Amino acid sequence: MPATQFVCPKTNGNIKIGDCLQHCMAGQRCMFLPTLRSVAASLDRKLDKPSVTELISGTRETFLKKTTDYAVDPMQQLYAIHGSAVHTLNENHTDGNMLSEERLADNITSGKFDLYGEIVDINDKTLGDYKITSSFKLMKALGYYKVDVPTGEVYKTGLKKGQPKTRKEWRDDGVKHVLEWAIQLNYYRILLEQCGFKVGNMVIQAMCRDYSLRIAAERNIKKPVYLIPINRISDRWVKLYMSTKAKKLKEAMDKKFLPQLCNARERWHDRKCAEYCDVAGSCPYGRLVKRNREVAA
Ligand code: SF4
Ligand code: SF4
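Please read all numbers here as calculations on a predicted model, not as lab measurements.

Cut-offs used in this document
- Residues numbered from 1 in each chain as written.
- Chains lettered and ligands numbered in written order.
- Predicted model: local features only at pLDDT ≥ 70, side-chain atom pairs only at ≥ 80, totals over all residues.
- Heavy atoms only, no water.
- Helix = DSSP H or I, 4+ residues; strand = E, 2+ residues; numbered from the N terminus.
- Near = heavy atom within 4 Å.
- Nonpolar A, V, L, I, M, F, W, Y, C, P; charged D, E, K, R; others polar.
- Buried < 20%, exposed > 50% of the residue type's maximum accessible area, 1.4 Å probe, protein only.
- Pairing = 2+ DSSP bridges.
- Axes fitted to C-alpha atoms, helices over the stretch in contact; angles between N-to-C directions.
- Salt bridge = Lys/Arg side-chain N within 4 Å of Asp/Glu carboxyl O.
- Phe/Tyr/Trp six-rings, centres within 6.5 Å; stacked < 30°, edge-to-face > 60°.
- Lys NZ or Arg CZ within 6 Å of the ring centre and 35° of its normal.

Novice: Tell me about the environment of P150, and name the residues and values.
Specialist: Mapped onto the elements, P150 comes out in strand 7 (residues 145-154). As for P150 and P164, which are separated by 14 residues in sequence, their C-alpha atoms are 6.5 Å apart.

Novice: Explain the site of ligand 2 residue by residue, including any values.
Specialist: Taken together, the neighbourhood of ligand 2 is formed by R60, E61, L261, C262, R267, C273, C277, A280, C283 and G286. Split into classes, the residues belonging to the shell around ligand 2 amount to 6 nonpolar, 1 polar and 3 charged.

Novice: How would you summarise the site of ligand 1 if you had to cite specific residues and measurements?
Specialist: Taken together, the neighbourhood of ligand 1 is formed by C8, P9, K10, C20, C24, M25, A26, R29, C30 and L36. Among the residues forming the shell around ligand 1, the class breakdown is 8 nonpolar, no polar and 2 charged.

Novice: Report on unusual backbone geometry, specifying residues and quantitative values.
Specialist: Positive phi values are uncommon outside glycine, yet E101 reaches one of about 55°. Inspection of the secondary structure puts E101 in strand 4 (residues 98-105). Given a relative accessible area of 19%, E101 falls into the buried group. A positive phi angle is found at H269, which is not glycine, with a value near 50°. For H269, the position within the fold is in the loop between helix 9 (235-255) and helix 10 (271-276).

Novice: Give a detailed account of the sheet that holds strand 5 (residues 110-117), specifying residues and quantitative values.
Specialist: One open sheet accounts for 5 strands, arranged 4-5-6-9-10; its pairing is mixed. The open sheet is flanked by strand 4 and strand 10 (225-230), the only strands paired with a single partner. Mean inter-strand twist for the sheet, computed between neighbouring axes without regard to direction, equals 35°. With 6 bridges connecting them, strand 9 (residues 201-208) and strand 10 associate as antiparallel partners.

Novice: Got a sec to walk through the pattern of salt bridges? Specific residues and values, please.
Specialist: Inspection of every chain in the model, using the stated rule, returns 18 salt bridges. For K66, the salt bridge identified is with E54, shortest N-O distance 3.5 Å. In this pair, K66 is assigned in helix 4 (residues 59-67) and E54 in helix 3 (residues 52-56), connecting sequence segments 12 residues apart. Put simply, E61 and K65 hold a salt bridge, and the shortest N to O gap is 3.2 Å. With E61 and K65 both in helix 4, this residue pair falls 4 residues apart, about one helical turn.

Novice: Which residues make up the packing of aromatic side chains, and what values go with them?
Specialist: In total, this model carries 4 aromatic pairs according to the counting rule given. Centroid distance Y116 to F197: 5.8 Å. Interplanar angle 75°. Geometry classified as edge-to-face. Separated by 81 residues along the polypeptide, Y116 in strand 5 and F197 in the loop between helix 7 (179-194) and strand 9 bring together distant segments of the chain. The class for F197 is partly exposed, based on a relative accessible area of 34%. Across from the ring centre of Y155, 5.5 Å away, lies the NZ or CZ of K165, which sits over that ring. We note K223 situated over the ring of Y226; from NZ or CZ to the ring centre the distance is 4.6 Å.

Rendered as structure tokens:
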């Protein structure tokens, strides 16, 4: 079941998406009607089998999105349509050496890759994916971290007298937190290769949505766009991972039981449950996290 209602940002009440598009109950719309229609269209996904992105999310989250009637705040969905807009812009500039936006499927799942072909270098066979993301996620994906480096001076007074002075320096050889992106791209690679298209390399083009803010500079994000190479993961591992998740989802759908909790990575160590999961209201754990946050506030 896709989202059927909007949480109206003006009244905080829920309204059926169709009713909202017909008539604004708040008197004046929160955004242009075509933008709202675009948000509504982006929510209306009818796929007979779960997609690659649905399987990468927590099984409980995907189950609840497929089985419950839920409401989303249209303001929170705008980043999703920014992503679609970027796809459309690029789509009009591809050429005969590129493929874009093709949906491929196998017996486990289906997925639509963004770009394939000569997109980075002539004669390459690159599989590319666009992401619009935050400076925080980008910093993590690029493996940036700070270290203390001695300046060669010592404190001359105070509690630290005699101790060496340090300054912070950035390093870029940390762990690159791109597992979900890597699984997604590797699955698209497998689907392409099953159709006879050789994939030479995989690259994410990540656009930073808060690039102009000071917080981005504080995270060492200095450009609006980064190309992030993605390593190959063995076909066997990726297929096993995805088929296990597909099996768990199917079992829960068939027997109509709530799957076990999304794991800590899938629920962003509870941040998603507290603020970003559209179905948190239908999830006992999501309700608990939200309640605890309210009590703590
Ligand atoms: S257009 Fe916006 S403000 Fe009006 S009812 Fe719909 S969600 Fe609420
Ligand atoms: S609230 Fe948290 S645990 Fe529940 S479905 Fe959403 S992400 Fe998963």
